[in-house]
Amino acid sequence: MAFTAKDVKALREKTGVGMMKCKEALAAADGDMDKAVEILKEKGLAQAQKKATRIAAEGVVLAYYDEAKEVAVLVEVNSETDFVAKNEKFVNFVKSIAKTVVEANPADVETLNNTKLVDSDQTVEELRQELVLAIGENMKVRRFERVEGKVASYIHGGGAVGVLVIFDTDDATAAKAEFVEMGKNVAMQVAAMSPEYLAKSDISDEELAKMKNIIVESSLNKPDTLPKPILNALFAKAVGEKIFSDADIAAYEEQKNNKFLFNFLSKEAVEQLAALAVAGKEEYVSNKIFAGATDGRLKKQLKEICLLEQPFVRSDLFDGSVGGYIEKVAKDLGADIKAVKFLRYAKGEGIQKREDNFADEVASMM
């Protein structure tokens with residue numbers, strides 16, 4: 001059966017696949033349009049399987065919020081290159097995935113892949129395979145999360161970072177411009193400062209103890225940061241018991257009142273002091289000065305990793321913590337507003353990206 005250029009064009013519009021591939025499929029199908037579509041689908045599956053081992057660490061993170069249902073989705077779909085991530089078909093595919101998650105509420109990525117995409121009779125996986133054939137790159141639905149409630153969202157860098165912040169408040173408050181602005185500002189804070197927890201209360205006692213122990217260990221292994229009474233005791237032991245070399249003992253005696261003393265000690269002497277500090281850990285942990293310094297460093301770390309305790313980056317709007325900023329907006333509106341959760345995805349985080357060596361590639365081709 002013969003086919004025309006119009007048939008090729010029609011097949012391209014129907015499948016999104018390139019002109020040459022459509023022409024080849026129609027030739028193989030003797031001009032039968034339905035058979036040509038099936039051939040392209042089979043090729044798409046083969047291409048998808050062939051490309052599946054190729055690293056896809058680019059792509060986009062998309063935040064989608066259905067106000068009517070009060071359901072929000074954060075989803076990451078990866079591609080091999082940033083160029084494809086800007087492709088209209090790819091972007092529309094990601095948007096449709098987010099809408100599908102809102103409607104179908106799949107349990108996980110595997111379930112999502114086997115779910116029919118909204119406004120389509122094909123599954124997410126079937127359409128992904130077709131897109132791989134049409135665009136020519138591996139792509140992968142990596143992760144998603146679906147939340148319900150009053151949600152503020154922010155996307156940075158065209159999909160490099162995506163954030164959702166979930167608030168507990170009433171409908172009237174959520175509709176106000178002041179609340180919307182506050183929510184966006186808090187979401188931007190999450191994108192910029194990458195907190196690990198919402199508040200200190202979200203950190204378990206076990207995790208807090210682990211964090212404190214790391215601070216203790218790092219302090220003991222850096223003797224120049226230790227409180228002066230403890231450091232003096234360590235020096236007295238190192239010199240008195242001749243743990244230091246003669247050269248280091250002489251350097252210490254000559255420079256002990258110099259605030260740059262450690263610049264005159266050998267690397268071995270510093271390591272010996274650290275070993276003495278670690279050996280006396282039990283004694284130093286119970287020291288009030290050391291304990292106070294440790295608690296101070298822990299509080300500082302909590303301010304860095306807990307969203308509500310972080311200094312608010314928009315100090316032009318509010319000088320204080322993020323939690324304080326939310327409380328101020330709530331007070332100004334005469335309402336109750338509470339941040340209950342946040343989600344933050346950074347595109348490709350945790351994926352081992354391929355590092356191409358152009359010279360090696362050329363050499364291997366030759």
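Please refer to the structure higher up on the page.
What counts as what
Residues numbered from 1 in each chain as written. Predicted model: local features only at pLDDT ≥ 70, side-chain atom pairs only at ≥ 80, totals over all residues. Heavy atoms only, no water. Pairing = 2+ DSSP bridges. Helix = DSSP H or I, 4+ residues; strand = E, 2+ residues; numbered from the N terminus. Axes fitted to C-alpha atoms, helices over the stretch in contact; angles between N-to-C directions. Contact = heavy atoms within 4.5 Å. Salt bridge = Lys/Arg side-chain N within 4 Å of Asp/Glu carboxyl O. Buried < 20%, exposed > 50% of the residue type's maximum accessible area, 1.4 Å probe, protein only. Core = buried A, V, L, I, M, F, W, Y, C linked by side-chain atoms within 4.5 Å. Arc of directions from axis to C-beta. Parallel < 35°, antiparallel > 145°, perpendicular 65-115°, else oblique. Nonpolar A, V, L, I, M, F, W, Y, C, P; charged D, E, K, R; others polar. Phe/Tyr/Trp six-rings, centres within 6.5 Å; stacked < 30°, edge-to-face > 60°. Lys NZ or Arg CZ within 6 Å of the ring centre and 35° of its normal.

Caption draft 1: Main features of the sheet that holds strand S2 (residues 71–79). Spatial strand order, S1-S2-S3: 3 strands in an open sheet with antiparallel pairing. Looking at the sheet topology across the chains shown, the edges are occupied by strand S1 (60–66) and strand S3 (139–148). If you compare each strand with its neighbour and ignore which way they point, the axes differ by 15 degrees on average. With 7 bridges connecting them, S1 and S2 associate as antiparallel partners. Counterpart to Leu-62 in the pairing with S2 is Val-75. Along the sheet, helix H5 (residues 88–104) contacts S1, S2 and S3; its crossing angle with S2, the most-contacted strand, is approximately 140 degrees.

Caption draft 2: Seen up close, the pattern of salt bridges. Under the counting rule described, the total for this entry stands at 19 salt bridges. Residue Lys-86 is joined to Asp-82 by a salt bridge in which the shortest nitrogen-to-oxygen separation is 2.5 Å. Assessed through its relative accessible area of 34%, Asp-82 is described here as partly exposed. Glu-349 serves as the salt-bridge partner of Arg-143, at 2.7 Å between the closest nitrogen and oxygen. Of this pair, Arg-143 sits in strand S3 while Glu-349 sits in the loop between strand S6 (338–346) and helix H17 (358–365), and the two are 206 residues apart along the sequence. With relative accessibility at 19%, the residue Arg-143 sits in the buried group.

Caption draft 3: Representation of the sheet that holds S6. Here 3 strands make up an open sheet; going across it, the order is S4-S5-S6 and the pairing antiparallel. This sheet does not close on itself; its edge strands, each paired only once, are strand S4 (150–156) and S6. Each neighbouring strand pair of the sheet contributes to a mean axis angle of 15 degrees, computed without reference to strand direction. Both S4 and strand S5 (residues 161–168) contribute to a ladder of 7 bridges, which runs antiparallel. For Tyr-154, the partnering residue across the bridge sits in S5 and is Val-163. The strands touched by helix H9 (residues 177–193) within the sheet are S4, S5 and S6, with S5 carrying the most contacts at an inclination of about 135 degrees.

Caption draft 4: Just the nonpolar core, in detail. Counting residues in hydrophobic clusters, the biggest one holds 28 residues, and the most contacted among them are Val-165, Phe-167, Met-182, Val-186, Ile-326 and Ile-337. Of all elements in the fold, only S4, S5, H9, helix H16 (322–333) and S6 reach the threshold of two or more residues within this core. With residues near it in sequence (within four places) discarded, Val-165 still touches Lys-150, Val-151, Ala-152, Val-186, Ala-187, Val-190, Lys-341 and Phe-342. Counting residues in hydrophobic clusters, the runner-up holds 24 residues, among them Phe-90, Ile-97, Leu-127 and Leu-131.

Caption draft 5: Helix H2 (residues 19–28), seen in detail. Among the residues of H2, Cys-22, Ala-25 and Leu-26 are the ones counted as buried. One side of H2 holds all its buried residues, which, seen down the axis, span an arc of 100 degrees. Of the residues one or two after H2, Asp-30 is the one with positive phi, at around 55 degrees.

Caption draft 6: Expanded view of unusual backbone geometry. Not every positive phi belongs to a glycine, and Asp-119 is a case in point at roughly 60 degrees. Secondary-structure assignment places Asp-119 in the loop between helix H6 (109–113) and helix H7 (124–135). The phi torsion at Ser-194 lies on the positive side, around 45 degrees, for a residue other than glycine. Relative to the helices and strands, Ser-194 is located in the loop between H9 and helix H10 (205–220). Exposure remark for Ser-194: the relative accessible area of 36% places this residue in the partly exposed category.

Caption draft 7: Looking closely at the packing of H9 against H16. At a closest axis distance of 10 Å, the pairing of H9 and H16 adopts a crossing angle of 175 degrees. Between H9 and H16, the angle is such that the two are roughly antiparallel. Residues Glu-178, Phe-179, Glu-181, Met-182, Asn-185, Val-186 and Gln-189 of H9 touch H16, and the partners they reach there are Val-322, Tyr-325, Ile-326, Val-329 and Leu-333. In the contact of H9 with H16, the residues fall into 8 nonpolar, 2 polar and 2 charged.

Caption draft 8: Here's a closer look at the packing of aromatic side chains. Within this structure, the stated rule accounts for 6 aromatic pairs. Taking the centre distance of 4.7 Å and the plane angle of 20 degrees together, the rings of Phe-235 and Tyr-252 count as stacked. Within this pair, whereas Phe-235 is found in helix H11 (residues 228–240), its partner Tyr-252 is found in helix H12 (residues 246–255), the two being separated by 17 residues in sequence. Tyr-252 matches Phe-235 in its accessibility class, with the two residues each being buried. Note on Phe-318 and Tyr-325: the rings are 6.2 Å apart at their centroids and 45 degrees apart in plane angle, and the pair reads as tilted. Classification of Tyr-325 by relative accessible area gives buried; the value is 6%. An aromatic cluster is defined as three or more aromatic residues linked by ring pairs; in this entry it consists of Phe-235, Phe-244, Tyr-252 and Phe-262. Over the ring of Tyr-345 we find Arg-143, and its NZ or CZ is 3.9 Å from the ring centre.

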